[in-house]
Amino acid sequence: MNARPRSDLHTAIRLLCRSLRRWFGRLPDRQAAPANTQADSPPLPPGMSRRALRLWLAGLGTALVLFYLWRSIFIPIGSGQLGIRWSRFDGGTDMGHVYGEGYPAIWPWDTMTVYDTRLQEMHNTVAVLTADGLEVSLDVTARFAPRAADLPMLHRSVGPRYRETVVWPDVVAALRQVIRQFKPDELRVLGETGLSAKVDDAARSAVQSHWVDLDRVLITRIALPERLAAEIQEKLAQEQKALAYEFILKQADMERQKWSIEADGIREFEEKSRISMLKWRGIQATERLAASPNAKIIVMGAGENQLPVLLNGEK
């Protein structure tokens, strides 16, 4: 039952091998007659021998293979980038070598992963809860860069999606940890700059433990709910009014102390000089008027406590 198909297969294989032998001229056709050998052989281009034809076909095949596998062999690594090679038959990730800029060549069955080692940033709006359970929204920006010396470890342990896997989750976790320590009005007082410094300190150690250097965490906006923001504004306005009233009261108290000191000085002066302060001021004014060059008439009072009266003598 199976003898005939097997015989047909063997016949086809023999015919294919015979055709290949005739084409490349390596072995003569033993079953064909010598007179028919040249007739059955394929025609050659003018001026080309069989050896030259074989070399030309081999070169063409090699060029086609290189063209097909070009992108798998020569990997472009641009400015500010580094490459990590994964070898299929040589132990996986190459932990001892980091490929620099250029066109390094690898085996087509290996894989090259290119990392951008320049300063990068991620920014998004994050909703977090404060100490009293109210939700606030913050615009957060994180600047970072993978550590070049630890790039093989980063590739093997985390992978190319390290931004979404470790960097941003660590920054958001640090942000939630810091925000839940404050109330909304305290966040307003602390401001974006002070809050950014606290979040940066909390996130730095966590991010750097994953072979990534954290440059800075920036908080560009703190958005409170409208009702809460209005209440905080009203509270701040009332606090400013209270501070203003306190200042006015303090200023009035200082004025009262000034008047009290002046009164004590006047009383002490009158007791020692036996002259009333009003009379003393009248004497001082009379002296200044008498020293002026204008003509004046001064009428002195008759009594002991009478003040002098000044009359204009020009007209």
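Look up a bit, the structure's there.
What comes next concerns the included structure. (Residues numbered from 1 in each chain as written. Predicted model: local features only at pLDDT ≥ 70, side-chain atom pairs only at ≥ 80, totals over all residues. Heavy atoms only, no water.)

The next subject is the sheet that holds strand β2 (residues 92-93). The strand order β2-β1-β3 describes an open sheet built from three strands, whose pairing is antiparallel. Whereas interior strands pair on both sides, the edge strands pair on one side only; in this sheet they are β2 and β3 (111-116). Here strand β1 (residues 81-87) pairs with β2 via two bridges, running antiparallel. The residue bridging Trp86 from the neighbouring strand is Thr93, located in β2. (Pairing = 2+ DSSP bridges. Helix = DSSP H or I, 4+ residues; strand = E, 2+ residues; numbered from the N terminus.)

Generally speaking, a soluble globular protein has its nonpolar side chains buried in company with each other. Among the nonpolar cores identified, the biggest contains 35 residues, and Leu138, Val140, Tyr162, Leu175, Ile179 and Leu195 are the most heavily contacted of them. Of all the secondary-structure elements, those providing two or more residues to this core are β1, β4 (120-129), β5 (135-146), α5 (151-157), α6 (162-179), α7 (184-208) and β6 (212-223). Considering every element that reaches this core, the biggest residue donor is α6, with 10 residues. Sequence-distant contacts of Ile179, defined by excluding residues within four places in its chain, comprise Val128, Leu129, Thr130, Ala131, Val136, Leu138, Leu187 and Leu195. (Core = buried A, V, L, I, M, F, W, Y, C linked by side-chain atoms within 4.5 Å. Buried < 20%, exposed > 50% of the residue type's maximum accessible area, 1.4 Å probe, protein only. Contact = heavy atoms within 4.5 Å.)

For any two helices packed against each other, the geometry is given by the interaxial angle and the distance between the axes. At their nearest, the axes of α6 and α7 sit 8 Å apart, and the two run at 135° to each other. One way to sum up the angle between α6 and α7 is to call them oblique. The hand of the α6/α7 crossing is right-handed. Touching Val167, Asp170, Val171, Ala174, Leu175, Val178 and Ile179 of α6 are Leu187, Leu195, Lys198, Val199, Ala202, Ala203, Ala206 and Val207, all from α7. In terms of residue class, the contact of α6 with α7 is made up of 13 nonpolar, no polar and two charged. (Axes fitted to C-alpha atoms, helices over the stretch in contact; angles between N-to-C directions. Parallel < 35°, antiparallel > 145°, perpendicular 65-115°, else oblique. Left-handed = near helix turned anticlockwise from the far one by under 90°. Nonpolar A, V, L, I, M, F, W, Y, C, P; charged D, E, K, R; others polar.)

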